[in-house]
Amino acid sequence: MQEKNQKKNKKKGCLLLGILLILIGTGMVLIKYYQRNEIQDLEENNINDFYELQEEISSNQENEIKQEKQEEKVEENVYREPYLAVLKIDKINLERGIYSINSKNNNVNKNIQLLKESNLPDKENGNVIIAGHSGNSYKAYFKNLVKLNNGDEAKLVYNGKTYIYSLSNSYEVEKTGKVEISRNINKQTLTLITCKHNTNKQIVFVFELKNII
């Protein structure tokens, strides 16, 4: 009799443990889901804020207004840091804000990253260099770059202007921590770098400036 009760109690214990593990797992999934949605909402708000500022710059309003707006947005929410620029590639439905080089959010594990060797879009014969993850993670913002072909366009919205680039070349290199960029140094270029999924290689996409609007 005692042995039967022990077995029954053991079964109950296992059942309760199983239910508890299911509840914990469900809770973790829901938390990640809401966190991801919160990040996406924040990204949309940041991009909308950025475009509002670009309209003001394009309308030749005073620089003081731009600065005041940026300060207001930072005070409103410390996580809503103003973007420096926005990268758009319509063919693959990519639209991501870019933080300044010295920002703590300018990190490939948080966003796409403007590399320290990069120039800004308005530098003559400069090269804007941006890195991003590929793969299956929701942070794999550059996962669809492999769908691009020569001639496809990428845009950088910066300081009230839109810089339109055309893909001129793409090539693979070994992942060593350093990337040699092959480009025409007499042209303004945009270089996007990402890993080739499930390999020890990186893919480099070089775009050349063709128009500014």
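What you are looking at is a predicted structure, and each value in this text was computed from that prediction instead of being measured.

Basis of the calculations
Residues numbered from 1 in each chain as written. Predicted model: local features only at pLDDT ≥ 70, side-chain atom pairs only at ≥ 80, totals over all residues. Heavy atoms only, no water. Helix = DSSP H or I, 4+ residues; strand = E, 2+ residues; numbered from the N terminus. Buried < 20%, exposed > 50% of the residue type's maximum accessible area, 1.4 Å probe, protein only. Contact = heavy atoms within 4.5 Å. Areas by Shrake-Rupley, 256 points an atom, 1.4 Å probe, with all protein chains shown as cover. 1 Å grid on protein atoms, 1.4 Å probe; cavity = no way out; pocket = protein on both sides within 12 Å on 5 of 7 lines; lining within 4 Å. Points joined across faces, edges and corners; volume = space filled by probe spheres on them. Nonpolar A, V, L, I, M, F, W, Y, C, P; charged D, E, K, R; others polar. Salt bridge = Lys/Arg side-chain N within 4 Å of Asp/Glu carboxyl O. Core = buried A, V, L, I, M, F, W, Y, C linked by side-chain atoms within 4.5 Å. Phe/Tyr/Trp six-rings, centres within 6.5 Å; stacked < 30°, edge-to-face > 60°. Lys NZ or Arg CZ within 6 Å of the ring centre and 35° of its normal. Pairing = 2+ DSSP bridges. Polar contact = N/O pair within 3.5 Å; in protein donor to acceptor, adjacent residues only side chain to side chain.

### Observations regarding the overall build of the protein
Move 1: Along the protein, the regular secondary structure elements total two helices and eight strands.
Move 2: Walking the protein from its N terminus toward its C terminus, one meets helices and strands in the order α-α-β-β-β-β-β-β-β-β.
Move 3: Per-residue burial for the protein yields a buried fraction of 35% across its 213 residues.
Move 4: Long-range pairs, those at least 24 residues apart, make up 58% of the contacts in the protein between residues at least 6 apart in sequence.
Move 5: For the protein, the exposed surface amounts to about 13800 Å²; the carbon and sulfur share of it is 49%.

### Points about empty space enclosed by the protein
Move 1: Counted under the stated rule, the structure contains two cavities of 30 Å³ or more.
Move 2: Taken as a whole, the largest cavity holds about 40 Å³ of empty space.
Move 3: If you go around the largest cavity, the residues you meet are Leu84, Ala85, Ile98, Leu114, Asn119, Leu120, Pro121, Val128 and Leu156.
Move 4: Classifying every residue of the lining of the largest cavity gives eight nonpolar, one polar and no charged.

### A word on the layout of surface pockets
Where empty space is left in the structure can be found by rolling a water-sized probe over the atoms.
Move 1: Quantified by volume, the second largest pocket comes out at close to 500 Å³.
Move 2: Elements represented by at least two residues in the lining of the second largest pocket include exactly β4 (127-131) and β7 (189-195).
Move 3: It is β7 that provides the largest number of residues to the lining of the second largest pocket, a total of three residues.
Move 4: For the lining of the second largest pocket, the class distribution of residues is eight nonpolar, six polar and four charged.

### Topic: the pattern of salt bridges
Move 1: Across all of its chains, the model carries six salt bridges by this definition.
Move 2: Across the pair Lys155 and Asp90 runs a salt bridge, and its minimum N-O distance is 3.4 Å. Highlighted residues: Lys155 in strand β5 (residues 153-158) and Asp90 in the loop between β1 (85-89) and β2 (94-98), separated in sequence by 65 residues.
Move 3: Residue Lys155 is classed as partly exposed on the basis of its relative accessible area, which comes to 23%.

### Let's talk about the nonpolar core
Move 1: Of all hydrophobic cores here, the largest spans 25 residues; its most connected members are Leu87, Ile89, Ile130, Leu156, Leu190, Leu192 and Phe207.
Move 2: Those elements giving two or more residues to this core turn out to be β1, β2, β4, β5, β6 (161-174), β7 and β8 (201-212).
Move 3: Grouped together as the second largest cluster of nonpolar side chains are eight residues, Leu115, Ile129, Tyr171 and Val173 included.

### Some points on the packing of aromatic side chains
Move 1: As enumerated under the stated definition, the model contains one aromatic pair in all.
Move 2: Ring centres 4.9 Å apart and planes at 55° place the aromatic pair Tyr83 and Tyr99 in the tilted group. Placement of Tyr83 in the loop between α2 (63-76) and β1 and of Tyr99 in the loop between β2 and β3 (113-114) is noted, with a sequence separation of 16 residues between them. Just as Tyr83 is buried, Tyr99 falls in that class too.
Move 3: When the ring centre of Tyr141 is taken as reference, the NZ or CZ atom of Arg96 above it lies at 3.8 Å.

### Quick notes on the sheet that holds β2
Move 1: The eight strands are arranged β2-β1-β5-β6-β8-β7-β4-β3 in an open sheet whose pairing can be described as mixed. The open sheet has two edge strands with one neighbour each: β2 and β3.
Move 2: Where β4 and β7 come together, five bridges link them in parallel fashion. For Ile129, the partnering residue across the bridge sits in β7 and is Thr191.

### Examining the side chain of Arg96
Move 1: Looking at the secondary structure, you find Arg96 in strand β2.
Move 2: For Arg96, a relative accessible area of 11% gives the class buried.
Move 3: Side chain to side chain, Arg96 and Tyr141 meet in a polar contact 3.4 Å long.

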